[in-house]
Amino acid sequence: MSVLLSAMMVLAAVVWATSNIREIAPQNRAVVLHLGALSRAQESGLLWALPAPFESVLLLPDAGTVLERRISGLLRSPEAQTGEAGAASENDTLAGSGYLLTGDASVVQLDIRIFYRVTDPFAYVLQEQHVLPALDRIVTRSAVVVCASRDLDSILVARPELVASDSDVAARRERLRADLVSSINASLAALKSNGMSLGIEIDRADVQSALPAASVSAFDAVLTASQQAEQAIASAQNDAEKDRQAADQQADRIVQVAEAQSSERLAKARTDTATVTGFASARGADSDPGLLWRLYRDRVAKILSQAGSVVTVDPNDARLILQGADK
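Residues numbered from 1 in each chain as written. Predicted model: local features only at pLDDT ≥ 70, side-chain atom pairs only at ≥ 80, totals over all residues. Heavy atoms only, no water.

Now for the overall build of the protein chain. Along the protein chain, the regular secondary structure elements total 10 helices and 9 strands. By residue count, 25% of the 327 residues in the protein chain fall in the buried class. The long-range share in the protein chain, meaning contacts at least 24 apart out of those at least 6 apart in sequence, stands at 66%. On the protein chain, roughly 22,000 Å² of surface is accessible, and the fraction owed to carbon and sulfur atoms is 58%. (Helix = DSSP H or I, 4+ residues; strand = E, 2+ residues; numbered from the N terminus. Buried < 20%, exposed > 50% of the residue type's maximum accessible area, 1.4 Å probe, protein only. Contact = heavy atoms within 4.5 Å. Areas by Shrake-Rupley, 256 points an atom, 1.4 Å probe, with all protein chains shown as cover.)

The next point concerns the nonpolar core. Counting 36 residues, the largest nonpolar core has L110, I112, I114 and I200 as the members making the most contacts within it. Counting residues per element, the ones that place at least two in this core are β2 (28-34), β8 (107-118), α4 (121-127), α5 (131-148), α7 (168-193) and β9 (200-210). At 8 residues, α5 tops the list of elements feeding residues into this core. Not counting residues within four places of it along the chain, the set of residues in contact with L110 comprises L74, L75, L100, A143, C147, I155, V207, Q208 and S209. (Core = buried A, V, L, I, M, F, W, Y, C linked by side-chain atoms within 4.5 Å.)

Looking now at the side chain of D62. Its location among the elements puts D62 in the loop between β5 (55-61) and β6 (67-70). In this structure, D62 is buried with no salt-bridge partner, the nearest side chain bearing the opposite charge being R29 at 6.5 Å. A polar contact is formed between the side chain of D62 and the side chain of T65, at a distance of 2.2 Å. Apart from the residues lying within four places of it in its own chain, the contact partners of D62 are P26, Q27, N28, R29 and E43. (Lys, Arg positive; Asp, Glu negative; His and termini not counted. Salt bridge = Lys/Arg side-chain N within 4 Å of Asp/Glu carboxyl O. Polar contact = N/O pair within 3.5 Å; in protein donor to acceptor, adjacent residues only side chain to side chain.)

Moving on to empty space enclosed by the protein. Considering all chains together, one arrives at 1 cavity of 30 Å³ or more under this definition. Roughly 30 Å³ of volume is contained in the largest cavity. For the largest cavity, the full set of lining residues is L110, I112, A143, V146, C147, L176, L180 and V207. Elements represented by at least two residues in the lining of the largest cavity include exactly β8, α5 and α7. Considering every element that reaches the lining of the largest cavity, the biggest residue donor is α5, with 3 residues. Here the residues of the lining of the largest cavity sort into 8 nonpolar, no polar and no charged. (1 Å grid on protein atoms, 1.4 Å probe; cavity = no way out; pocket = protein on both sides within 12 Å on 5 of 7 lines; lining within 4 Å. Points joined across faces, edges and corners; volume = space filled by probe spheres on them. Nonpolar A, V, L, I, M, F, W, Y, C, P; charged D, E, K, R; others polar.)

We now examine α5. A rise of 1.5 Å per residue sets the reference length of α5, with its 18 residues, at 26 Å; its end C-alpha atoms lie 26 Å apart and thus fit the reference within 8%. V131, A134, L135, D136, I138, V139, S142, A143, V146 and C147 are the residues of α5 that are buried. (Expected span 1.5 Å × (residues − 1).)

This next bit is on the pattern of salt bridges. Opposite charge on two side chains permits pairing when their charged atoms draw close. Overall, the coordinates contain 9 salt bridges when judged by the stated rule. The partner of E241 in a salt bridge is R244, with the nearest N and O atoms 2.5 Å apart. Taken together, the positions of E241 and R244, both in helix α8 (residues 213-272) and 3 residues apart, correspond to about one turn of that helix. R244 is the salt-bridge partner of D248, the closest N and O atoms lying 2.8 Å from each other. Of this pair, D248 and R244 both sit in helix α8, separated by 4 residues, roughly a single helical turn. One network of salt bridges, with partners in common, ties together R117, E201 and D203.

The next subject is the environment of Y116. With respect to the helices and strands, the residue Y116 is situated in strand β8. We classify Y116 as buried; its relative accessible area is 4%. Separated by 86 residues in sequence, Y116 and I202 have C-alpha atoms that sit 4.3 Å apart. In contact with Y116, not counting residues within four places along its chain, are T65, V66, L67, E68, R69, L132, L135, I200, E201, I202 and D203.

Next up on the list: the layout of surface pockets. In this structure, the second largest pocket encloses a volume near 160 Å³. Elements represented by at least two residues in the lining of the second largest pocket include exactly α7 and β9. Its residues assigned to classes, the lining of the second largest pocket shows 5 nonpolar, 4 polar and 3 charged.

This part covers unusual backbone geometry. Even without being glycine, E128 reaches a positive phi, approximately 45°. In this fold, E128 is placed in the loop between α4 and α5.

Moving on: the confidence of the model for the protein chain. In the predicted model, the protein chain carries a mean pLDDT of 77, and 72% of its residues have values of at least 70. This stretch, residues 85-89, has a pLDDT under 50; its non-local contacts, to residues over four places away or in other chains, come to 1 contact. (pLDDT = per-residue confidence, 0-100.)

Glancing now at the packing of aromatic side chains. Tallying each qualifying case throughout the model produces 0 aromatic pairs. Note that R204 overlies the ring of F115, its terminal NZ or CZ placed 3.8 Å from the centroid. (Phe/Tyr/Trp six-rings, centres within 6.5 Å; stacked < 30°, edge-to-face > 60°. Lys NZ or Arg CZ within 6 Å of the ring centre and 35° of its normal.)

Rendered as C-alpha cells:
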C-alpha cells in the first residue's frame, strides 16, 4: 500500500513539474509570468515553463491573427428602440442614443466593426480586462470626430440630387473608413507614448451607415420629388427640342418657297420686259426715236385698265389739285 501511495505521489509530482510544458499552436503565442511578473513571450512551438505557482502561462493570438470587435456603444439602445416601436415619448438621453452629429448638423447612425491585431503581448497582458472597454471608447471618440469633420453626403448617399455634379463626394465616402482607422491608431499611439499602451493595432474597419428611421421617409420623399422633377425637366426639354426642330423645318420650307417664288417672279418680270429691253438695247443712231414711246402708249393703257382709279398730273404744272373726301 505504501509503495502504491509513493508511486502516486511521484506521478503527481511529475505531472505538476511538467504542467507548464506544452505545445503552443501556430495561431497562438504564450506570455510567461514568473511569480506574477512578466517574464518572457514565446511564439508557437514547445514551451518550457516552471509549474504553478512559480510561473503561469497566458495564451494570446499571434501577431498575424486578426480579431474582430463590434462597437456596441454606437448602436441604438434597446430602450430607445422600444420607444420607437411603441411610439412613446423619449427623454433626452434616449433621443440621442446611437446618433452621431455630422458637420452640416445632420444626424447619422454608424454600425462599426473593428479588426485588430495584438502587436505587444506584454502591454496586452498588463491591460488585460481594460483593453476592450478602452477600445470601445477610442472608436466611439474617433467616430464622433470623423462624422463631425464631414457632411452627411460624405458619409452616405442621402441627397443624390445635391451631389450629382460633385465627383469628390464619392471619394470622400471611400476615405471614411481609412480616416476612421487612422484616427483610432493615432489615439492608440498617443496612449503608447504616455506609457499606457493597449498592445493592439487596427488593421481595418467596416462601417455601415444609415439614416435615423424617423427621417428615412422624409429623405425618400425628397428623392422621389427630385426624380419626378428631373423627369419633368427631361420631358420638357424633349418637347422643346421637337418644337424647335419643327420650327426649323417650317422656316426652311418657307425660305425654299420664297426663293422659288422669287425666282419665278424674277423670270416673269424679265419675260414681261424682254421686248422693251430688247428694243432699248438694239436701238442705234438711225433708229426711230419715237418707237419706245409708241410701245409705251400701246401697253400702258392695258396696265392702267387694271387699276381702280387713275390720277394723271401734268409734270410741267406746279399746282396739283386733289379731290377731298366726301362729307
